[in-house]
Structures are given as C-alpha cells and as structure tokens.
Amino acid sequence: MMSKKFRIGDKVKVVGMSPVTFAPGVKDELGTEKLFKSMLGKVYTVRGFDSYGNAELQPKRLNIVWVEPEFLKLRARKRKAK
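Cut-offs and rules
- Residues numbered from 1 in each chain as written.
- Predicted model: local features only at pLDDT ≥ 70, side-chain atom pairs only at ≥ 80, totals over all residues.
- Heavy atoms only, no water.
- Core = buried A, V, L, I, M, F, W, Y, C linked by side-chain atoms within 4.5 Å.
- Buried < 20%, exposed > 50% of the residue type's maximum accessible area, 1.4 Å probe, protein only.
- Helix = DSSP H or I, 4+ residues; strand = E, 2+ residues; numbered from the N terminus.
- Contact = heavy atoms within 4.5 Å.
- Salt bridge = Lys/Arg side-chain N within 4 Å of Asp/Glu carboxyl O.
- Pairing = 2+ DSSP bridges.

(A) Spatial organisation of the nonpolar core. Within the largest apolar cluster, 14 residues are counted, with the highest numbers of intra-cluster contacts made by Met39, Leu57, Val67 and Leu72. At the level of secondary structure, the elements contributing two or more residues to this core comprise strand 1 (11–14), helix 1 (32–39), strand 4 (55–60) and strand 5 (63–67). Those residues in contact with leucine 72, other than ones at most four positions away along the chain, are Lys5, Phe6, Val12, Lys13, Val14, Val15, Ala55, Leu57 and Val67.

(B) Highlighting the pattern of salt bridges. As enumerated under the stated definition, the model contains 2 salt bridges in all. Aspartate 10 is the partner of arginine 77 in a salt bridge, and the nearest nitrogen-oxygen pair spans 3.1 Å. Remark: aspartate 10 occurs in the segment before strand 1 and arginine 77 occurs in the segment after strand 6 (72–76); sequence separation between them is 67 residues.

(C) Quick look at the pairing of strand 4. In the sheet, strand 3 (residues 48–49) pairs with strand 4 via 2 bridges, with the strands oriented antiparallel. Considered in strand 4, the bridge of phenylalanine 49 is made with alanine 55. Remark: 5 residues form the turn of the hairpin made by strand 3 and strand 4, two consecutive strands paired antiparallel; glycine 53 in that turn has positive phi of roughly 90°. Judged from the 4 bridges that link them, strand 4 and strand 5 form a sheet pairing that is antiparallel. Bridged to leucine 57 within strand 5 is valine 65.

In structure tokens, the structure reads:
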C-alpha cells in the first residue's frame, strides 16, 4: 500500500511525531526519542515507503526511519521524468 500523498523524491517537512512509549522497565538506549525530536521542523527527501504507507526518511547518515504521512508536510514535489 503506497502513499498517494507523497512520492519518492519529494521533499517533506516533519511537523509532528507519534508518542514514544516503551514497556515498563525498558529504557531508550538507542536514542529513538531524541532522534525523532531532532527531526521536527526539518526537511528530508522521501526515499521509499513501507507496506503500511509510512515514508522512509534518512535523517542521519546511518539512520533510516519511517514516519507516518500525517506527520509530514509536502515542501517540494519531484518533477516527473520526461
């Protein structure tokens, strides 16, 4: 199921995030919440989509995250190839 709102190559701005929750006794050792908070307000290129329609973004060189479309705003559409 691919998102109709965005296409691969589009520039999107992260305008929100899902609440980050962990099971009792589990700590955020990987810095997931910090990573998502650092993405707020910044623009990224859509690299793909998962089976749920979440957009694949690469906020840092070695990180890839999937963000729900409702937390993204289109900034620039990639032009179609002629």
